[in-house]
Amino acid sequence: MGQKAKRLWFMGGGAVLLFFVLSNGPIDQYVDTVKRQTVQAALSLEGDERLRALIDQWKQGREEAPINARIDPIWKAIPGYNGRVVDVEASLANMKRSRTPGPESLVYKEVPPAVTLEQLGAHPVYRGNEKKPAISFMINVAWGNEYLDTILDTLDKHGVKTTFFLDGSWVKRFPEWAKKIAARGHEIGNHAYSHPDMSRLGRERIRQEIGRTQEVIRHTLGVTPVLFAPPSGAFNQAVVDIARHDFQMTTILWTADTVDWQKPSVDVLIRRIEPKMGNGVLVLMHPTAPTAAGLDTLIRMARQKGLVPTTVSEVISNRRLP
């Protein structure tokens, strides 16, 4: 066979082979797969853009700017409050997992304020931020053991954790009661050692009152309080300064007072507090008969108003509630 004939035979055979390869099933499947993936990617991209547009639409009016902590002429230091913005990527993923995505599929992230309570310096705190739907029924304890079980059981019944400010000498005398309060999961605060008028004490005595109570609480309960409630609400700037700078504590007062130590009727106590219930309110209580009898009603009323009963630390934090 001549060279020319060989070339013609080779070219013809190659053409037949090429035809065979191109018409083979696996090649067709590969091409189809590539086409499908391209179309699916285009549809997915189109779907993402449509969902992003919905996110932009739904987030309108739902995002909130953070609120800075500030000094109020009446309420002194008022905590800030975190803002919130929509987390677009997390919302997109959440919407893809949902069969019927809607505004409830939006995922938020918190934005802290530029100025926080800690940055304000040494000031007393009477309340939380007005935008935070939280309330605390805080309890100062220096006497009244006979009513503690009822109060603790009521708090347990409603699943509420609150803050008990404990007198140091009371903890020394009744360590088992203090342990019972802590074991129920409640926050422990410092209420000085011997229930003095703190505004009349020298700086060294102020340190002793706060320091001895910190020591006995740490020894008895293994916790270090970060909140200080001066007995009878009596304080001066030296008290606030020493609590903050010497003990890293915030001085806590109250927004609403039950005046339960005067032993009012339960109806009077409730009428005294109910109109003052609101965002960020701190309610002062003691382990008394009217408080033990009225706490259940007060917790129910708070929740009916859309408030979350919780600890003082939670009320005055800038965190948003879930």
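For the structure itself, look to the data block above.
Sequence order sets the numbering: in each chain, residues are counted from 1 along the sequence as written. In view of the model being predicted, local features appear only for residues whose pLDDT reaches at least 70, and side-chain atom pairs are presented and counted only at 80 or more, with totals across whole chains, interfaces and linings using the full set of residues. For the side-chain quantities, the full set of heavy atoms in the structure was used; hydrogens and water were omitted.

## A look at the pattern of salt bridges
By definition, a salt bridge exists where a carboxyl oxygen of Asp or Glu is found within 4 Å of a side-chain nitrogen of Lys or Arg. Taken as a whole and judged by the stated rule, the model has 18 salt bridges. Between Glu204 and Arg207 there is a salt bridge whose closest N-O contact spans 3.7 Å. On the criterion of helical spacing, the pair formed by Glu204 and Arg207 is a turn pair, its members being three residues apart in helix H7 (residues 203-221). Classification of residues uses two cut-offs on accessible area relative to the type maximum, computed with a 1.4 Å probe and protein chains only: under 20% is buried, over 50% is exposed, and between them is partly exposed. The exposure class of Arg207 is partly exposed, given its relative accessible area of 28%. Each of Lys132, Glu314 and Arg319 takes part in salt bridges that share partners, so that together they form one network. Per the convention used, a helix needs a DSSP run of H or I reaching at least four residues, while a strand needs a run of E reaching at least two, with both numbered from the N terminus.

## Re the packing of aromatic side chains
Given two aromatic rings, one states the distance between the centres and the angle between the planes to describe the pair. Side-chain rings of Phe, Tyr and Trp (the six-membered ring for Trp) are treated as a pair once their centres are within 6.5 Å; stacked means planes under 30 degrees apart, edge-to-face means over 60, and tilted covers the remaining angles. Summed over the entire model, instances satisfying the criterion amount to two aromatic pairs. Across from the ring centre of Trp75, 6.0 Å away, lies the NZ or CZ of Arg127, which sits over that ring. By the criterion adopted, a ring carries a charge over it if an Arg CZ or a Lys NZ lies within 6 Å of its centre and within 35 degrees of its normal. Its guanidinium or amino end placed over the ring of Tyr193, Arg212 lies 3.8 Å from that ring's centre, counting from NZ or CZ.

## A few points about H7
Between the first and last residue of a helix there are one fewer steps than residues, each counted as 1.5 Å, and that sum is the expected span. The first and last C-alpha atoms of H7 sit 27 Å apart over 19 residues, in line with the 27 Å expected at 1.5 Å per residue. Of all the residues in H7, the buried ones are Ile206, Glu209, Ile210, Gly211, Thr213, Gln214, Val216, Ile217, Thr220 and Leu221. In this structure, the buried side of H7 is in contact with strand E6 (163-166), helix H5 (168-173), helix H6 (175-183), strand E7 (187-190), strand E8 (227-228) and helix H8 (237-247). Downstream of H7 by a residue or two, Gly222 has a phi angle that is positive, lying close to 75°. Whether two residues touch is decided by their heavy atoms; if any such pair falls within 4.5 Å, the residues are in contact.

## Some points on the nonpolar core
Nonpolar side chains tend to gather and get buried jointly when the protein is soluble and globular. Only buried residues count toward a nonpolar core. Its members are Ala, Val, Leu, Ile, Met, Phe, Trp, Tyr and Cys residues joined through side-chain atoms within 4.5 Å. Residues Phe137, Phe164 and Leu166 are the most contacted members of the largest nonpolar core, which totals 34 residues. The element best represented in this core is helix H10 (residues 289-304), accounting for five residues. Other than its neighbours up to four places away in sequence, Phe164 contacts Ile139, Val141, Leu148, Ile151, Leu152, Leu155, Ile181, His186, Glu187, Ile188 and Gly189. Phe165, Leu227, Ile252 and Val312 belong to the second-largest nonpolar core, a separate cluster that totals 16 residues.

So, to be careful, I would describe these as geometric facts and stop short of saying anything about function.
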